[in-house]
Amino acid sequence: MLEKANDNPLRPAAPSLFARLAASQEARLAVITVLVFALMGALSPERFLSVQNITSMAFQFPEFAILALAMTLTMLTGGIDLSVVGIANLSAIIAATILTQLAGGTQGADALGWYALSVAAALAVGLIAGLFNGLLVAVLGLPAILATLGSGLVFSGFAVVLTGGSAVMGFPEVAAFIGNGRMLGIPVPLVLFGLLAAALAFVLSRTAFGLKVQMLGANPLAARFAAVDVTATLIKVYVGSGVLASIAGLLIMSRANSAKADYGSSYLLLAVLIAVLGGVNPYGGYGRVIGVVLAVLAMQFLSSGLNMLQVSNFSRELIWGVLLIFVMIVNARPDLFQFKRRPPAA
Amino acid sequence: MQLSSLRIDWTRNETLVPLVIIAFCALAAFSDPSFLSIPTLTDLLRGSIVLGIFAVAAMLVLISGGIDVSFTAVAAFTMYSTAMLLNTLAPDLPWYAAIGIGMAMGAALGSINGILIVGFGLPTLIVTLGTLSIFRGFMLTFIGQKQITTLPPGMREFGRMMMIRGTNPDGSFYSLPWAFAATVGVIVVTWFILHKTMLGRSIFAIGGSLESARRIGINVRATQFFIYVYVGALAGLAGIIHSSMARVANPFDLVGLELSVIAAVVLGGARLTGGHGTLTGTLLGVALIVLVRNSLVVIGVPATWQMVVIGLLILIGTGLPAWQAKRAAARAA
Amino acid sequence: MSVPLVALNGVTKTYSGITALDDVGFDIGRGEAVCLAGENGSGKSTLIKILAGVEKPDRGRIAFDGAQQSALNPRASAAAGIKVIFQDFSLFPNLSVAENIAFSAELGEGVTLFRKRHVRDIAARTLARIGVDMPLDAPVETLSVAHKQLVAICRALATDAKLIIMDEPTTALTEKEVRALLAIIRRLKADGVAVLFVSHKLAEVLEVCEKVVVLRNGRKVAEGMASEFDAAALTRHMTGRDVALRAPAALDASAPVLFEVASLSKAGAFDNVNFQLRRGEVLGISGLLGSGRTALAKALFGLVAPDSGTLTLGGLKVPLGDPLKAAAAGIGYVPEDRLTEGLFLLQSIGRNVAVGRVDAHSITGLLARAALWAESADWLNRLRVKASSIEAPVRSLSGGNQQRVVLARWLARGPQVLVLNGPSVGVDVGSKAEIHEIIADLSRQGLGVIVISDDLPELLSTCHRILVMRAGRITDDIPAGSTSETELAHRLAS
């Protein structure tokens, strides 16, 4: 009976495209994002839809959006990385120190060389910090939330120790490109975010590592029993998160033209918020990059639009929270938002 | 049947944390004999007032198997709104009215968490993350962003009420405000609820096994709702005390502390998985954090290292039991 | 004749068109112990839920003490003295023995304050009633399974139980613990408390029961005095056929040794285990709970690190204590607890198979998705997994099909030795036979198969040879053809 069977008991799934779209939370989120964009465009067309506003949005969101990608990666395994902001700032400070202390006032090719070195150093910091987190979670068995809470304090703490808490500034011009430059007219931060999001989506869907991350998040015990290399996979996840965080750190440094231990402190909760809003299951096993990208856009459209409408800067936070809770309620109780009541599924 | 006899378990946080505290104090006393003094103690106690109330609240939620990160926002919202409300409407109300209003407002905000968690069955971390943004965003958008430097007289008076007052040999003053009694009160009331009422035992039961609690007929929804309302009221109280002691209501204060508070509670032995947590452990956790904050310099570590030290303490305090549990699991077949 | 404590009459229940219970009726008398036997899916759990008031029957009458119950609900059922002890006991691991025992009683009294002394009194009294001594303040998480069960029984007694329903009461107990449980049941019966045992293997409790009721596919197929039943009769009624103990095809005498276990020991689990497995051989390992069989099974796959000993597969040493290396060496392991250890319940059927082969299909780092998918689908077809779609969550499958998904995952890896821990736990009779067919097929193809089970007929009909474990040691090595179920049962327990 283990020979190939002729009859095929596995019929391929063929529900209509529309039905599948309506059932997916990414599709619901896409609708919300488009509605937000349309609403803001309608309320303040000449300003919200202006090229200037759209480019300024494109410069603003990538730094925290990249942190949200890092959060997505760890949340997929049922973990979380609360140390991303700490890693970002520590990486930026290391890079900034190299640029100010060693590169001095160099120009041109020299400056570029020093900048390359500083970027490499920042990425190495992200890698080592991520490795540290990975060892805590995968080898020592700490709950991710506590491991990264503690390590986040340690990383931020080192950033304070290195700088005494003050900002490091005075970089060569080349450092400004990544945060403020344009490629073919497109803001570099946006290009960077696009590349990273695409890369993460690719890794998650097209590599063995990506599939293992999702299965591990769905049931770590079953993953172990299925001979998935759980420890190595988890370590790679936290290293990936650390490196993404250090890239965000370089971006923040470039945009602020300085590095400081307490930059982006509001980004931590924001990154968690975006990941959850994007449909990533905080208990692991489910999440798609496209959802996270949509969530980032929805957030950015909302806050920029409200800015245009002269609403205070702080209303962003309020709106973010409301949006998060709203989406969670929609996902938990879709029946509340259907006009035609369907009989409950048996 | 034979249960393992009682012996000191060196990986229990309730044992480890006091040891670290004693070692810290011994080291501090060695490098600066004046460390062991009343002013150090009153500084420690004063530093624990607000943090202690927060920690008790956070512990309660952890015991029930949830997590709350919104309590700092509730506190900030409450202290700022109460100060503004009293200043504009009823500046002559006494201090206890301010506290009453603050706790009621906190309870109301807590009930929003309760409705979302109990009514819609949403995960506690996500809900409180959302309400953290909502409460803070609402306050800063619609209530105000400027510090209130002139507090209502009731709150000012409360901030000036001192239990203990004294003069150091060098002529400086030390003191302990009556607000400390509020923290003691919170501890006593919470202890009573947790250990002397069926409600409290139900909180432990729910944290131990939600499904079993449902099956034996514990009113899980009412119990959870109570927790978030009570935590809200405690946060409100902490907010009023914070601004009274600081003599200013700064809307940007407090938020950002939430993770450190949870860290202190976990350091004290509460588990994120629910069902476990003691007031003693929690208070020891708070004491350790406050000690590191206040007195790191005394043992010769520059103040800039404070964050690193607290981070390492959290990693050690949670890492040792986790590592021990992992090894025990490997030994058992 | 006195009025029965519980009388069921014509109870029928359908779930969305599928009949779970069909016209079932029987009585339970005061102080009587009744066995309710049936395979998985026979309607046992539905009946428990109806008695507990959790589910309402579509038709039929239920009477407590002669009084017809119109609408049962959990509270009415509990007030009538019907207490269910679920298989997981529903205890609070973090609370003390005393609190676990007295919690429902205190809730029932509606008190606000926690009366610690009173709670300890209730607990001490209830424990005394069943003649058990236990530290009242010990947290329940530190107790053995048997003691947890006793706590659950005491909790039921503390609330004035008239009928205690025990769901699968003996599955997790050792022989000695079952004896102790039976002694307690006798005391309860003398006390006037009725007991309903619900299980798919009840031979062990027959001796304390007055009556046996057997369900199959939702119908009552047999009822009678317990003395009229023995283990074989129960099985026949539950499955609806005589399970022919047909020994597997004889093993080729010249088959080479494939896998060798030498002096494998782990303190507290198993001691100096030695055996050889030949190509194409199906080797059974049995033993009661606590005999070390599960730890040994896990050690073969590296999930448990032995203290000493060697594993040799095809002449090469298998590194100990690392599932990845065991799997790489060619050992596969199908776990006992399918739902938590075997499956990714919310993930698709396809992914549940593919997860075993992701590395093999990503030589370049990129996943060859088409090939991986085709391979998974192929294995699902070969094992005749019945599903609407390969994309459907594996949770939607029946127990038998779920087990085949786990098997497909391992077979896709082409292992040389497959360790099957409880291969047919929780699957229906038909699937069980098919899984046995699969095992025979694997043996024909030259795989070495190790079946760990306490299902003796299963071992007798699938294995060439059966090892019996007691207290961590292998005490018998029996060729399957030369033994009977009774003899095997005797060797397990003695």
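Refer to the preceding data block for the structure.
Each value, and the rule that gives it
- Counting restarts for each chain: residues are numbered from 1 in the order of the written sequence.
- For this description, chains carry letters from A and ligands carry numbers from 1, given in the order in which they are written.
- Under the rules for a predicted model, residues below a pLDDT of 70 receive no local features and side-chain atom pairs below 80 are neither given nor counted, while totals for whole chains, interfaces and linings still include all residues.
- Neither water nor hydrogens contribute to the side-chain values; these are computed over all heavy atoms in the structure.
- A run of H or I in DSSP becomes a helix once it reaches four residues, and a run of E becomes a strand once it reaches two; helices and strands are each numbered from the N terminus.
- The criterion used for residue contact is that any of the two residues' heavy atoms lie within 4.5 Å.
- All accessibility values rest on the Shrake-Rupley procedure with a 1.4 Å probe; residue burial counts only the protein chains present in the view.
- A residue counts as positive if it is Lys or Arg and as negative if it is Asp or Glu; His and the chain ends are not included.
- Lysine's charge is taken at NZ, arginine's at CZ, aspartate's at CG and glutamate's at CD.
- Only protein chains enter the accessibility calculation, which uses a 1.4 Å probe; a residue whose area is less than 20% of its type maximum is buried, one above 50% is exposed, and one in between is partly exposed.
- Candidate patch residues must exceed 30% relative accessible area and have no salt bridge, after which like charges are joined if within 9 Å and Val, Leu, Ile, Met, Phe, Trp or Tyr side chains if within 5 Å.
- Here, a salt bridge means any Lys or Arg side-chain nitrogen found within 4 Å of an Asp or Glu carboxyl oxygen.
- Values labelled buried area give the accessible surface lost by two parts on being combined, using a 1.4 Å probe and summing over both.
- Residues enter a nonpolar core if they are buried and are Ala, Val, Leu, Ile, Met, Phe, Trp, Tyr or Cys, with the set joined through side-chain atoms within 4.5 Å.
- Note that the domain bounds reflect an automated or database-derived domain assignment.
- To estimate the expected span of a helix, subtract one from its residue number and multiply by 1.5 Å.
- If DSSP finds at least two bridges between two strands, the strands pair.
- To get an axis, fit a line to the C-alpha atoms, keeping to the stretch in contact for a helix; angles then go from 0 to 180 degrees between the N-to-C directions.
- Any pair of nitrogen or oxygen atoms within 3.5 Å is treated as a polar contact; in protein, a donor-acceptor pairing is required on top of that, and neighbouring residues in sequence qualify only through side-chain atoms on both sides.
- A pair of Phe, Tyr and Trp rings is counted when the ring centres sit within 6.5 Å of each other, with Trp represented by its six-membered ring. The angle between the planes then sorts it: under 30 degrees is stacked, over 60 is edge-to-face, the rest tilted.
- In these notes the angle categories are as follows: under 35 degrees is roughly parallel, over 145 is roughly antiparallel, 65 to 115 is roughly perpendicular, and the rest is oblique.
- Here a crossing is called left-handed whenever its near helix is offset anticlockwise from the far helix by less than a right angle, and right-handed whenever the offset is clockwise.

Draft legend 1. Local environment of the overall build of chain B. Within chain B one finds 13 helices and two strands. Projecting the C-alpha coordinates of chain B onto the three principal axes gives extents of approximately 65 × 55 × 35 Å. If you take every contact in chain B between residues at least 6 apart in sequence, the share linking residues at least 24 apart comes to 75%. When the accessible surface of chain B is totalled, it reaches about 13,500 Å², and 66% of it is carbon and sulfur. The average position of the 19 basic charges and that of the 11 acidic charges among the side chains of chain B differ by 9 Å.

Draft legend 2. Geometry of the overall build of chain A. A count of helical and extended segments in chain A gives 16 helices and four strands. By the burial criterion, 55% of the 346 residues in chain A qualify as buried. With an accessible surface of roughly 14,300 Å², chain A has 67% of that area assigned to carbon and sulfur atoms.

Draft legend 3. Looking closely at a nonpolar patch on the surface. Together, Phe 177, Met 183, Leu 184 and Ile 186 of chain A make up an exposed nonpolar region whose accessible area comes to about 450 Å². Take Leu 184 of chain A: its relative accessible area is 87%, and that puts it in the exposed class.

Draft legend 4. Layout of the interface of chain B and chain A. Counting from both sides, the interface comprises 41 residues of chain B and, opposite them, 44 residues of chain A. Buried area between chain B and chain A, both sides added, is near 3,600 Å², and the carbon and sulfur share of it is 84%. Of all residues in chain B, Ile 126, Met 307 and Leu 315 of chain B give up the largest surface area on contact with chain A, accounting jointly for 16% of the area buried on that side. The interface formed by chain B and chain A contains one salt bridge.

Draft legend 5. Representation of the nonpolar core within the structure. Counting residues in each nonpolar core, the largest one holds 282 residues, and the members touching the most others are Phe 54 of chain B together with Ile 164 of chain C. Of the residues forming this core, the biggest block, 15 residues, is contributed by helix 2 (residues 38-63) of chain B. Residues from two domains meet in this core; each of domain 1 (6-239) and domain 2 (257-493) of chain C gives at least three. Ile 164 of chain C has contacts with Lys 83, Ile 85, Ile 153, Ala 156, Leu 157, Leu 188, Val 193, Ala 194, Val 195 and Leu 196 of chain C, leaving out every residue within four places of it along the chain. Counting residues in hydrophobic clusters, the runner-up holds 74 residues, among them Leu 258, Leu 343, Leu 407 and Cys 463 of chain C.

Draft legend 6. Layout of helix 12 (residues 369-382) of chain C. Under the 1.5 Å per step criterion, the end-to-end length of helix 12 of chain C is 20 Å for 14 residues, consistent within 8% with the ideal 20 Å. Taken together, the buried positions of helix 12 of chain C are Leu 372, Glu 375, Ser 376, Asp 378, Trp 379, Leu 380, Asn 381 and Arg 382 of chain C. Buried residues belonging to helix 12 of chain C abut helix 11 (208-218) of chain A together with helix 11 (349-354) and helix 13 (399-412) of chain C. Downstream of helix 12 of chain C by a residue or two, Arg 384 of chain C has a phi angle that is positive, lying close to 55 degrees.

Draft legend 7. The arrangement of the sheet that holds strand 7 (residues 82-85) of chain C in detail. All names here are of chain C. Reading across from one edge, 7-8-9-4-10-11 is the order of the six strands in this open sheet, with mixed pairing throughout. The open sheet has two edge strands, strand 7 and strand 11 (219-225), and neither has a second partner. The average angle at which neighbouring strand axes cross in this sheet is 15 degrees, direction not considered. In this fold helix 5 (residues 145-158) packs onto strand 7 and strand 8 (163-167), with an angle of close to 155 degrees to the strand it touches most, strand 8.

Draft legend 8. A look at the pattern of salt bridges. Tallied over the entire structure, the rule returns 31 salt bridges over all chains. The salt bridge partner of Asp 65 of chain C is Arg 30 of chain C, with a shortest N-O separation of 2.6 Å. Pair noted here: Asp 65 of chain C is in the loop between strand 5 (59-64) and strand 6 (67-69) and Arg 30 of chain C is in the loop between strand 3 (27-28) and strand 4 (33-37), with a separation of 35 residues, a long-range link. Using a relative accessible area of 49% as the deciding quantity, one classes Arg 30 of chain C as partly exposed. Between Lys 189 of chain C and Glu 210 of chain C there is a salt bridge whose closest N-O contact spans 2.9 Å. Here Glu 210 of chain C lies in the loop between strand 9 (194-199) and strand 10 (211-216) and Lys 189 of chain C lies in helix 6 (residues 175-190), a separation of 21 residues in the sequence. Given a relative accessible area of 17%, Lys 189 of chain C falls into the buried group. Shared partners join several salt bridges into a network, and the residues in it are Glu 211, Arg 214 and Arg 215 of chain B together with Asp 88 of chain C.

Draft legend 9. Inspection of the interface of chain A and chain C at higher detail. In this complex, chain A contributes 33 residues to the contact, which on the side of chain C involves 49 residues. Taking both sides of the interface into account, the surface hidden between chain A and chain C amounts to around 3,600 Å²; carbon and sulfur atoms contribute 63%. Linking chain A with chain C are one salt bridge. Notably, a salt bridge pairs Asp 359 of chain C with Lys 212 of chain A, separated by 2.8 Å at the nearest N-O pair. Inspection of the region where chain A meets chain C yields seven residue pairs in polar contact (both at pLDDT 80 or more). Only helix 10 (188-206), helix 11 and helix 12 (220-225) of chain A provide two or more residues apiece to the side of chain A that touches chain C. Per-element accounting of the side of chain A that touches chain C gives the leading share, six residues, to helix 11 of chain A.

Draft legend 10. Looking closely at the packing of aromatic side chains. Residues and elements named next belong to chain A. If you walk through the whole model with that rule in mind, you get 18 aromatic pairs over all chains. Judged by centre distance (5.5 Å) and plane angle (65 degrees), the ring pair of Phe 37 and Phe 48 falls under edge-to-face. With Phe 37 in helix 2 (residues 25-43) and Phe 48 in helix 3 (residues 45-48), the pair connects residues that are eleven residues apart, well separated along the chain. For Phe 48, a relative accessible area of 0% translates into the label buried.

Draft legend 11. Representation of a positive patch on the surface in the model. All names here are of chain B. Together, Arg 156, Arg 160, Arg 165 and Arg 247 line one region of the surface with positive charge. Among the structural elements, Arg 165 can be located in strand 1 (residues 162-167). Using a relative accessible area of 63% as the deciding quantity, one classes Arg 165 as exposed.

Draft legend 12. Examining the packing of helix 2 of chain A against helix 16 (residues 315-332) of chain A more closely. Residue and element names in this part refer to chain A. Packing of helix 2 against helix 16 brings their axes to within 11 Å, and their N-to-C directions diverge by 140 degrees. Classed by the angle they form, the pair helix 2 and helix 16 counts as oblique. Our pair here, helix 2 against helix 16, has a crossing hand that is right-handed. Within the contact between the two elements, helix 2 uses Gln 25, Arg 28 and Ile 32 and helix 16 uses Leu 323, Phe 326, Val 327, Val 330 and Asn 331.

Draft legend 13. Quick peek at the sheet that holds strand 13 (residues 270-278) of chain C. All names here are of chain C. Read across the sheet, four strands follow the order 13-12-15-16 without closing on themselves; strand pairing throughout is antiparallel. Looking along the sheet, the strands with just one partner apiece sit at the ends: strand 13 and strand 16 (316-317). Sheet topology places strand 12 (residues 257-266) next to strand 13; six bridges connect them, and they run antiparallel. By the bridge assignment, Val 257 is partnered in strand 13 with Arg 278. Relative to strand 13, helix 8 (residues 293-300) is tilted by about 60 degrees, and along the sheet it contacts strand 12, strand 13 and strand 15 (308-313).

All quantities given are derived from atomic positions and should not be read as evidence of function.
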